[in-house]
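Next come the chains, spelled out residue by residue.
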Amino acid sequence: MKHSKLFLSFAFGWMTVAALILAAQVFARKGEVENAASQATFENRIRALRQRVAYLEEQANKGDLTRKVVAPFEVVNRAGQRIFYVSPDRDVELWSGGSKRSVMSAGSGGVGALFSYSADPQSWASLSPRGLFVNENGKYRVDLGKDLQKKNYRLVFYKGDKVIAAIGQSSVSGAGIALVSDGSGSQKADMTATINGTGVVELLRGYGFPIVRVTEGDQKEGLLLICGVNGCNPPMVSAGTNESGVGVVATGPQFFIQGPTGASGSFLIGKKQ
Amino acid sequence: MPEVTTVKVSYPVRIMKRVKILVAFAFGCLTALALGFGVDVISRSEASAGADQRAFLESRLNALEERARNLEEITAQGQIRNKVVAPFEITDENKRRVFYVEPDSASVWFGRKRGVAMSGSKEGGFFYAYSASGNQTARLAAPGVGVSENFLERIILGKDEKYGNYALSFLSSTRQLIGGIGESGDTHAAVVLVCDKSGNLRGRMAVTTDGHGIVDVLSANNLPIAQLTNSESGGGKLWIGNADGKGMLVAGDAGGYGIVRAGPDGFQFIPTPGLALSGSVIVGKR
C-alpha cells in the first residue's frame, strides 16, 4: 500500500505526458499530409517547366527563337571581356584585351567610316567617303582623298604639319601633279601639267623658285631651261628648237651677242637638212 | 483487550509522504517526457531538414520559372538579350552562316567564305575584304592599307615598320618594287621611284642628302645616265652620262652665266682671251 501510491503517482505522471505527446503527434501528422500535397505541387510545377523549356528548345532548333536584337548588343568571351559591341550610336566595335581595336561607324550624321586603332591609341587609320587617313601620334601622316576645298583628289604624305610628298590633282591647275619636298616641307621637284596643258618636270629651290625646267616650248618643241640662283629670266642655259626648226643650245644670260672676234661662242645652232 | 496504541504521526512525516508521491509523479512525467522527447527531437530534426530542402527547391524552381518566363516573353517579341557569350552566329534560312563573332574577330560570310572581317589583337585592329576567289585581300590597319594577291602584298600604303617612313609602294608578283611615292626611309625627305618589271630603279625624283632636288634616269646597272640637279653655284644643272656612268655632257649655271660642255675631253676648258672657244664648250656672256 505504501509503495502502490508511489507507483500510481509514477504511472499517472507517465500517462499525462504520453497523452500530451500523442496529441502533438496528431498535429504533426496533419503537417505531413500538407507536405505530401506540397510535394505534388512541386512535381506539377517541374512538369510544366519541362514542357515550357522543351517548347523553347524546339523553337531554337527551328531558328525561330530570336531574330532581332535591340542595341546596345554585346558579345563577350567566357571571361566576360567584351569582344564585339553594337552601340545605340550606330558604332560597331571589335575589342581585344579590354581596348577598342576596330570600329565601323555610321554615327557621324550618317557618314560611314572604318577606324583601325594600333596598340597606341594615338595612332590609327580611318576610311570614309572623305578618304583614307593614317594618323601617328595625333598627326596626319597620310591623307588620300579630297583636298580641303573638297575639289581635287590626291594622296599626300605629311611630316609634322608639312607636306613632303604628293600625287594627284593639282588644286592650282586642276591637272595631275607629283611633287617631292625635303623634310621641312620645302618643295624640291615636281612633275605636272600647267594651266595651258604643257607638261613640266622641274627642280626648285622652294615653291615658286625653279632652277631646272624641262617642258614644251612655244613651237611645241621640247625645251630645257637651266636657271641661275636669281631665277629663270633669262635662263643660264636653254636647249630646244628655234623658229627655223633647227636645234639650238644657248648659254646666257646674253646668248646671241657675239664677242669682239665675231666668234659665236655662246650658242650652238643646227643646220637644216 | 490489548490496548490500542495510537501512534501519532507528526506533521513533518506527513509532508514527507506527499513529497514522495509528488516526486514519483514527477519522475513518471520526466521518464515519459525523456523517451517521447527523444523521438520528437529526431522527428523534428527530420522535419526541419525537409523544410529547408523544400525552401531551397522552391527558390530554385521560382528562379527557373522566372527565366523561362523572360525567355518566352523575349521569344514572343522576336528579340534576344543584348549580351551573349562568343561564339555568336547568324545564319540565313538555309542555315548558312551570314555573320559570325569569334573571340578575336567578327566576319560577314558569303557561302562558305568570309566576305569581310574585322579583327583585333594586342597589335591593333584590322579590317579585311576578300575577293570571291579568296586570293585577293584588301586590308585596313592603323599603319595603313594593303592589297594582296596570292598571299603577296601588291600595294602598300602606310608605314614601313622597319624604317618608320610612310609611302605608297606597288610591288610585282615577285615582291620587287615597281613604283612608289612617299617618304624615303633613308633621307626621310620625299621620293618618287619608277622601276622596270624586274625591280631595277630606272627613274627617280627625290631630294639628295644635302637637301637638293634631283631628277634622274638610271641604267639597268643602277648608274645614273641623265640627271637634273643643282649646280655648285646654286643654279640648275643637266648632266648626261654614258652607259658606264661617265659624264658626256654638262650644262648649267656657272655662277651668273651659262656653260655647256661636251665630253669627255671638252671638259678641259682653257680660256683663250681674244680667240674663239673650241667647239666642245660654249659659255654665256654676262
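Residue-level account of the interface of chain A and chain B, with values.
Across the contact, 105 residues belong to chain A and 106 residues belong to chain B. Carbon and sulfur atoms make up 72% of the surface buried where chain A meets chain B, a total of about 8,100 Å² over both sides. On the chain A side of the interface with chain B, the three residues burying the most area are A:Phe42, A:Arg45 and A:Arg52, jointly 7% of the side's total. The interface formed by chain A and chain B includes five salt bridges. Residue B:Glu58 pairs with A:Arg45 through a salt bridge whose shortest N-O separation is 2.9 Å. Between the two partners, chain A and chain B, sit 28 residue pairs in polar contact (both at pLDDT 80 or more). In terms of residue count, the dominant contributor to the side of chain A that touches chain B is helix H1 (residues 2-62) of chain A (21 residues). Classifying every residue of the side of chain A that touches chain B gives 63 nonpolar, 25 polar and 17 charged. Two elements, strand S2 (residues 73-76) of chain A and strand S2 (residues 83-85) of chain B, share three bridges in a ladder whose sense is parallel. Residue pairing in the sheet places A:Val75 in a bridge with B:Val84 of S2(B).

Lay out the environment of A:Met191 in plain terms, naming residues and giving numbers.
Inspection of the secondary structure puts A:Met191 in strand S13 (residues 187-193). We classify A:Met191 as partly exposed; its relative accessible area is 42%. Beyond its immediate stretch of four places on either side in the chain, A:Met191 contacts A:Gly176, A:Ile177, A:Ala178, A:Val200, A:Val201 and B:Met205.

Outline the environment of A:Glu58, listing residues and values.
With respect to the helices and strands, the residue A:Glu58 is situated in helix H1. Taking relative accessible area as the criterion, A:Glu58 reaches 43% and is therefore assigned partly exposed.

So what about the confidence of the model for chain B? Which residues, and what values?
Note: predicted coordinates in regions of low pLDDT should not be interpreted at a detailed level. Mean pLDDT over chain B works out to 84, with 84% of the residues at or above the 70 mark. Under the prediction, the complex receives an ipTM of 0.71, its pTM being 0.72.

Residue-level account of the state of the cysteines, with values.
Residues and elements named next belong to chain A. The tally for this structure, following the rule as stated, stands at one disulfide over all chains. Each disulfide pairs two cysteine sulfurs, and for cysteine 227 the partner residue is cysteine 232, the sulfurs being separated by 1.9 Å. With the S-S dihedral at roughly -65 degrees, the linkage between cysteine 227 and cysteine 232 falls on the left-handed side. By relative accessible area, cysteine 227 is classed as buried at 0%. The exposure class of cysteine 232 is partly exposed, given its relative accessible area of 23%.

Describe the pairing of strand S4 (residues 97-102) of chain B, and please don't skip the residues or the numbers.
Residue and element names in this part refer to chain B. Bridge count for strand S3 (residues 88-91) against S4 is four bridges, and the pairing is antiparallel. Residue threonine 91 lies in a different strand from S4, and its bridge partner there is arginine 97. Turn length for the S3-S4 hairpin, with the two strands adjacent in sequence and antiparallel, is five residues, and the turn residue lysine 95 shows positive phi of about 65 degrees. When S4 meets strand S5 (residues 105-110), the two strands line up antiparallel, connected through four bridges. Its bridge partner lying in S5, glutamate 102 is registered against serine 105. Following S4, the chain reverses through two residues before pairing antiparallel with S5.

Calculation rules
Residues numbered from 1 in each chain as written. Chains lettered and ligands numbered in written order. Predicted model: local features only at pLDDT ≥ 70, side-chain atom pairs only at ≥ 80, totals over all residues. Heavy atoms only, no water. Contact = heavy atoms within 4.5 Å. Buried area = accessible area lost by both parts, 1.4 Å probe. Salt bridge = Lys/Arg side-chain N within 4 Å of Asp/Glu carboxyl O. Polar contact = N/O pair within 3.5 Å; in protein donor to acceptor, adjacent residues only side chain to side chain. Helix = DSSP H or I, 4+ residues; strand = E, 2+ residues; numbered from the N terminus. Nonpolar A, V, L, I, M, F, W, Y, C, P; charged D, E, K, R; others polar. Pairing = 2+ DSSP bridges. Buried < 20%, exposed > 50% of the residue type's maximum accessible area, 1.4 Å probe, protein only. pLDDT = per-residue confidence, 0-100. Disulfide = S-S within 2.5 Å.

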